[in-house]
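Summary of structural features
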Amino acid sequence: MSLLEVYGISKTYRRGDAAALAEVSFCLEERHVLALVGASGSGKTTMLRILAGLEMPDAGEVRLDGRVIAGAGSGVAAERRGIGMVFQNHALFPHLTVEKNVLFGVRKMAKPEKGRLLAELLELVGLPGMAQRYPHELSGGERQRVALARALAPGPQLLLLDEPFSSLDMRLKQAVRDETREILRARGTAAVFVTHDTEDSLAVADRIVVMQEGRVQQVGAPQEVYFAPANPYVAKFFGSCNFLPFHLLGSLERARVSCLVGPPGGAGGERGLWIRPEHLWLEKPTAAGGLSGEVERVSFAGSYQRVFLKCAGDLSIEVSHTQGFPIEKGQVWGIIPVRRLPEQSGST
Amino acid sequence: MEIKSRLCSGIIFKGLAAGLALAVLIPLGVVVLRASQPSDTAWAAVVEYRLWGYVLQTLLLVALVTGIALAVGVPTAWVISAYDFRGRALLDWLLLLPLAMPGFVAAAAYVDLIGGLAPFFIWVRQQWGLEAFLRVQIIVPWVCATGILGMTLFPYVYLSCRAVFARQSAGAIEAARLLGESAAGVFFRVALPMARPAIVAGGSLVGMETMNDYGVVSLFGLQPLTPGVFRAWGEGEVVVAMRLALFLMFFLSVVLVAERWQRGRRGYGQGSGEGKLARVRLGSGKSLAAVMLCAVPLMFGFFLPVGRLLRWCWDVRGSAELGGHAQAAWNSLALAGGAVCLLLGSAVVLVAVQRAYGSRVILIAQKICLLGYGLPSALVAVGVGALVVFLAGNFPGAGVLALSTSVFGLMLAYLVRFLAVAIQPLAAGCERVPGCLREAAQTLGSGRLGAMWRVDLPLVKTTLLAGATLCFVDVFKELTLTLVLRPFDFETLATRIYRFTDEGRIAEAAVPGMALMVLCLIGLFPLSTLMKRLEQ
């Protein structure tokens, strides 16, 4: 039995509006971290608020440790669920010190024990000696860590994080992200977090639930979601992706690309392949035909160059060029996939 | 398995809120009920001889007082916001002082002026004859009453315009200056049109206060609707009083609806509010003019009356009835203290508990309670008065407790009139507390009320306190309701001042008058801090 089981959750805010959530189901094992990923308006935050008990679903069921905590129109009140939450802008109580914030949810505990818990948590999040500060005296990263400590203090079975890193700047974000992952691992707390940042989800989560317009598009491990997207939406959501219709592929088919192949899709339901830019190489165009294109635009991205090529039939293809030789606008290059099935390479 | 429906929670508070809304509607209900009863010839007589005069005098009074308040309030606000000169900072603060001067206290300081004008009246009679003499005798009280009301009420206009000039239209005003517009052009072509909503808002407040005034107009013998209602009430013509009260309510609603309507059409009134207006430094000649512009209304609205009151206080220093004053002061304090507890408790239920439960029922109750502020004082007074008479007459036990029914009536009347004063600051304060804080408290195991108690209320502590002070001062200086509804032989400072002034014992009114004014001054501090906070 999983720690958290979500079955067929649906929610509509106003009659006549599109459903905020439609039949959402997933589950989460103990000690695992799950990411709810989607664009804004995908329903991921609504799902999180239903888990927290701040919203009620219209239909479906949420079980925590086998106990039903939310059903259609009713459920255990948020304050009795034993679920912790870290809010998007941290929601620290501005009138309370770090100590009082962290211990806000701790009840029925003797004073010395409370002191010990506080010291332990502040140590864990790397803020020892900050107990008497007020939230406005802390930096963004420190606030995020206090929010985490506060949510962990009552010892929740499950921790929810709503866009926990979105208010931090790029450089800080990566450090806090890794730290948070380590802290969750150290406490052994299962967590669900919501993000619109695919990089966050790939880096932190054990499982990813991709959502679009209230529906689950794919559930899987980060590698699965990235390398074997279930549909074009997921493929494009996790980074640039080229769609190559079969009728243009000719020699590409002979190259026997395998795990890069996504589901059929594209405009008008045409069948073809979904290939990420880093899985394509540029070569001298061969006389044998194959896919080739004229370079339209090159942009420098540090460790690689993004090359945009125009192919036959108005097809645009993006290639992440890491091979070092210079590419210039107007040149014509052949495009081939990098990864071939090892046991079949060289055959044909 | 603990599955709990959301619907059954907070039923007690919903009941309380519904009860409050009902309490606010009761006086209006009583008045409508009694007004619809058939009346004898009394109403016909009033319609024939007095009604037209009441209406005409009401309209004239409101027009004159509002006109004076606008003529004083708008230019002072502009000068203080747009220019820099010696004494500006001090004047900015001083211009709030007239708010601490209840009209009837200022009237006490001026009422003997009419006696002092006797030589002038005689001179007019000798110059122009009897006709002119009589006319001047009518005009002079009008000049005094409208002048006093205008000079003590103009800060409402000043405050609302000042916020707009200094903040909201700062960008547009500076742009006009850079485009080479003259000083007068900036004022008339940019600042004034942009401030129109604020001017109307301030002006309508002045109009409302004027319509509700009883002390000043009755001391100078004017006959608009409010004293008319009380005259009929005093003569025992209940139905007539109720019908006149409904007339008053009609005029008041017109003012309120007009204000609402123009606010709805605003759209351009709210500038981006970026930064403060840079003030232009004035030369010494213009500085003097600016200081005079601000100082003259201050003189008439505050310093002159205070000076006269102080002198009388000195004159009667040995012979003042301190015992009576102390008793009245104690009565005022007890009433105001009780009312504040009632008002704040109600406001917390209507605002903070409403937010905690997200209840629509309580929200509707809150909106209804806000309407109470738009009911005329006279209507509330006679409505509650009729209710008290009914209760005392129909419940034999209540007859013995005549005093307590009256106190109950007073509290009900204060609740109806001043609940909005308690609700508004609290609602504005709560609005600024992000909802996620409450949700955070909930996920940490606090119930709805627990979250309200531990998070919301501590965060709105200052606005709550400011609201309490405003309510306290409002009740403390309240005259109209108290005069009608107080128990027999029960005096507050306000009614004592009024009685002494009315009886011509003006010097004796000075001591309670000063005491009342000083207390109102204390009430100004939270008001100005509240304004600053809301402005930010």
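Every value quoted in this text rests on a predicted model; they were computed, and no experiment measured them. (Residues numbered from 1 in each chain as written. Chains lettered and ligands numbered in written order. Predicted model: local features only at pLDDT ≥ 70, side-chain atom pairs only at ≥ 80, totals over all residues.)

Quick word on the confidence of the model for chain A
All names here are of chain A. For clarity, the cut-off: One number per residue, pLDDT, summarises how confident the predictor is, and it ranges from 0 to 100. Contact definition: two residues whose C-beta atoms, as placed from backbone geometry, lie within 7 Å.
Of the residues in chain A, 88% reach a pLDDT of 70 or more, and the chain-wide mean stands at 84. Below a pLDDT of 50 lies the segment residues 253-261, which in the model reaches 21 contacts outside its immediate sequence neighbourhood of four places, other chains included. Low pLDDT, under 50, characterises residues 340-348; the predicted model gives this stretch 8 contacts beyond four residues in sequence or across chains.

Focus on helix 10 (residues 196-212) of chain B
Formally: In this description a helix means any DSSP run of H or I spanning at least four residues, a strand means any run of E spanning at least two, and both kinds are numbered starting from the N terminus. For a helix, the expected span equals 1.5 Å multiplied by the number of residues minus one. Around each residue's C-beta, the other C-beta atoms within 10 Å are counted; 20 or more make the residue buried, 12 or fewer make it exposed, and counts in between make it partly exposed. All C-beta atoms are placed from the backbone.
When the terminal C-alpha atoms of helix 10 of chain B are compared, their 24 Å separation across 17 residues agrees well with the 24 Å that a helix rising 1.5 Å per residue should span. Within helix 10 of chain B, 15 of the 17 residues are buried, which leaves the element mostly enclosed by the surrounding structure.

What to know about the interface of chain A and chain B
Often, the extent of an interface is quoted as the loss of accessible area on bringing the components together. What counts is decided by this rule: Amino acids outside the nonpolar list (Ala, Val, Leu, Ile, Met, Phe, Trp, Tyr, Cys, Pro) and the charged list (Asp, Glu, Lys, Arg) are all regarded as polar, and Gly is one of them.
Across the contact, 26 residues belong to chain A and 20 residues belong to chain B. Per-class residue counts for the side of chain A that touches chain B are 14 nonpolar, 7 polar and 5 charged.

Describing the nonpolar core
The tendency in soluble globular proteins is for nonpolar side chains to be buried as a group. Worth spelling out the cut-off: In this description, a nonpolar core means buried residues of the types Ala, Val, Leu, Ile, Met, Phe, Trp, Tyr and Cys, linked to one another by C-beta atoms lying within 7 Å. For each domain, the first and last residues come from an automatic or database assignment.
Grouped together as the largest cluster of nonpolar side chains are 257 residues, with contacts concentrated most on V229, A245, V382 and C471 of chain B. Sort the elements by how many residues they give to this core and helix 15 (residues 322-357) of chain B lands first, with 17 residues. Mapped onto the domain boundaries, this core takes at least three residues apiece from domain 1 (4-227) and domain 2 (240-344) of chain A. When residues no more than four places from it in sequence are discounted, the contact partners of C471 of chain B are A339, V340, L343, F418, V421 and A422 of chain B.

Considerations on the pairing of strand 16 (residues 305-311) of chain A
All names here are of chain A. Heads up, the condition is: Two strands make a pair as long as DSSP finds a minimum of two bridges between them.
Bridge count between strand 15 (residues 292-300) and strand 16: 7 bridges; the pairing is antiparallel. Looking at strand 16, one finds that R297 is bridged to F308. Hairpin geometry of strand 15 and strand 16 is characterised by an intervening segment of 4 residues between the two adjacent antiparallel strands and by a positive phi of about 85° at G302.

Some thoughts on the packing of helix 4 (residues 103-110) of chain B against helix 7 (residues 130-168) of chain B
All names here are of chain B. As a reminder of what qualifies: Throughout, an axis means a line fitted to C-alpha atoms (over the contacting stretch in the case of helices), and angles, computed between N-to-C directions, take values from 0 to 180 degrees. Each angle is binned into one of four classes, with values under 35 degrees roughly parallel, values over 145 roughly antiparallel, values of 65 to 115 roughly perpendicular, and all other values oblique. Left-handed describes a crossing whose near helix is turned anticlockwise from the far helix by less than a right angle; the clockwise case is right-handed.
Here helix 4 crosses helix 7 at 135°, and the two axes come no closer than 10 Å. With respect to helix 7, the element helix 4 is oriented oblique. Here helix 4 runs over helix 7; the crossing is right-handed. On helix 7, the residues that touch G103, A106, A107 and Y110 of helix 4 are C144, I148, L149 and T152. Split by residue class, the contact of helix 4 with helix 7 holds 6 nonpolar, 2 polar and no charged.

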